[in-house]
Amino acid sequence: MTLLPDTGYIPTDEDRESLDRWFAEYDAHSARRNVERMADMAVFPLNLVSDDAAGDGRSAQWDRERFLATMTQVMGEGGEDITFASTRTPVFLSPAMAVVFTDSSMTAEGRTQRLRYADILVRRQGEWAFQTMIQSGWGDNL
């Protein structure tokens, strides 16, 4: 069991449930490679943090168009659906901010890849949206 930091905010059951529903919807769009709908669930400019092949930390800000182009290329078009099995550990900073750590496996075209990443989400007008994506190994593509 992961010991979560004391952020001074104790999330309600609804906080957690709403975040779980958001990720279920996002994963469903990802599984169908619906990159347009995935983009609808983000706040732009979107912050990205990674490291590159040289081991240096990298960051970038993408607008919606860059997100659509890059994610379409990364996820591919058509083909069979992608399946995800994910365990998420959210750390709520407030009712409107959460850092979510994810351990996941993604299976596409018979190949499974393990992923570990973090997202920063914000809630606006009752709806979650991701604002920052953090994952190692993508810095050369930023």
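Up top is the structure these notes are about.
Residues numbered from 1 in each chain as written. Predicted model: local features only at pLDDT ≥ 70, side-chain atom pairs only at ≥ 80, totals over all residues. Heavy atoms only, no water.

Asker: Which parts of the structure should I look at to understand the pattern of salt bridges?
Answerer: All chains considered together, the criterion is met by 10 salt bridges. Between Asp27 and Arg88 there is a salt bridge; the shortest N-O distance is 3.2 Å. Here Arg88 lies in strand S3 (residues 83-94) and Asp27 lies in helix H1 (residues 13-31), a separation of 61 residues in the sequence. Neither residue differs from the other here; Asp27 and Arg88 are each classed as buried. Because the salt bridges share partners, they merge into one network encompassing Glu25, Glu36, Arg37, Asp40 and Arg64. (Salt bridge = Lys/Arg side-chain N within 4 Å of Asp/Glu carboxyl O. Helix = DSSP H or I, 4+ residues; strand = E, 2+ residues; numbered from the N terminus. Buried < 20%, exposed > 50% of the residue type's maximum accessible area, 1.4 Å probe, protein only.)

Asker: Would you mind showing me how to read the sheet that holds S3 here?
Answerer: Backbone hydrogen bonds hold the strands of a sheet together, and the pairing may be parallel or antiparallel. Spatially, S2-S1-S6-S5-S4-S3 is the arrangement adopted by the 6 strands of the open sheet, whose pairing is mixed. Of all the strands in the sheet, the pair left with one neighbour each is strand S2 (57-62) and S3. Neighbour-to-neighbour, the strand axes of this sheet turn through a mean angle of 25°, independent of strand direction. As paired strands, strand S1 (residues 42-51) and strand S6 (residues 127-134) are joined by 4 bridges and run parallel to one another. Across the sheet, the residue bridging to Ala42 is Phe130, located in S6. The strands that H1 touches are S3, strand S4 (97-108), strand S5 (111-124) and S6; relative to S3, the one it contacts most, it runs at about 145°. (Pairing = 2+ DSSP bridges. Axes fitted to C-alpha atoms, helices over the stretch in contact; angles between N-to-C directions. Contact = heavy atoms within 4.5 Å.)

Asker: Would you take a moment to explain the pairing of S1 for this structure?
Answerer: Each regular strand displays side chains that alternate between the two surfaces of the sheet. Note that S1 and S2 share 6 bridges and pair antiparallel. Residue pairing for S2: Leu46 is matched across the bridge by Trp62. Connecting S1 to the antiparallel partner S2 that follows it, the hairpin turn spans 5 residues, and Gly55 within it adopts a positive phi of roughly 85°.

Asker: I keep staring at the environment of Ala60 and nothing clicks. Help me out?
Answerer: If you trace the backbone, Ala60 turns up in strand S2. When neighbours within four sequence positions are excluded, Ala60 is seen to be in contact with Leu46, Asn47, Leu48 and Leu142.

Asker: Quick question: what am I supposed to make of the packing of aromatic side chains here?
Answerer: Aromatic ring pairs are defined here through the distance separating the ring centres and the angle between the ring planes. Here the structure, examined in full by the defined rule, presents 7 aromatic pairs. With 4.8 Å between their ring centres and 90° between their planes, Trp22 and Phe23 make a pair best called edge-to-face. By relative accessible area, Phe23 is classed as buried at 4%. Taking the centre distance of 6.0 Å and the plane angle of 75° together, the rings of Trp22 and Phe130 count as edge-to-face. Placement of Trp22 in helix H1 and of Phe130 in strand S6 is noted, with a sequence separation of 108 residues between them. Note on accessibility: Trp22 and Phe130 belong to one class, buried. (Phe/Tyr/Trp six-rings, centres within 6.5 Å; stacked < 30°, edge-to-face > 60°.)

Asker: Is there a simple way to think about helix H3 (residues 64-75) in this case?
Answerer: Along an α-helix, residues three or four apart share an orientation, since each turn contains 3.6 residues. With 12 residues, H3 extends 16 Å from end C-alpha to end C-alpha; this agrees with the ideal 16 Å at 1.5 Å per step. Turning to H3, its buried residues are Phe67, Leu68, Thr70, Met71 and Met75. Each element contacted by the buried residues of H3 is listed here: H1, helix H2 (35-40), S1, S2 and S6. (Expected span 1.5 Å × (residues − 1).)

Asker: Help me understand the side chain of Arg123, please; the structure alone is not making it clear to me.
Answerer: Locating Arg123 in the fold gives a position in strand S5. Reaching out from Arg123, the side chain makes a polar contact with the side chain of Asp15 at a distance of 2.6 Å. With residues up to four places along the chain from it excluded, the contact list for Arg123 reads Asp15, Ser18, Pro95, Ala96 and Trp128. (Polar contact = N/O pair within 3.5 Å; in protein donor to acceptor, adjacent residues only side chain to side chain.)

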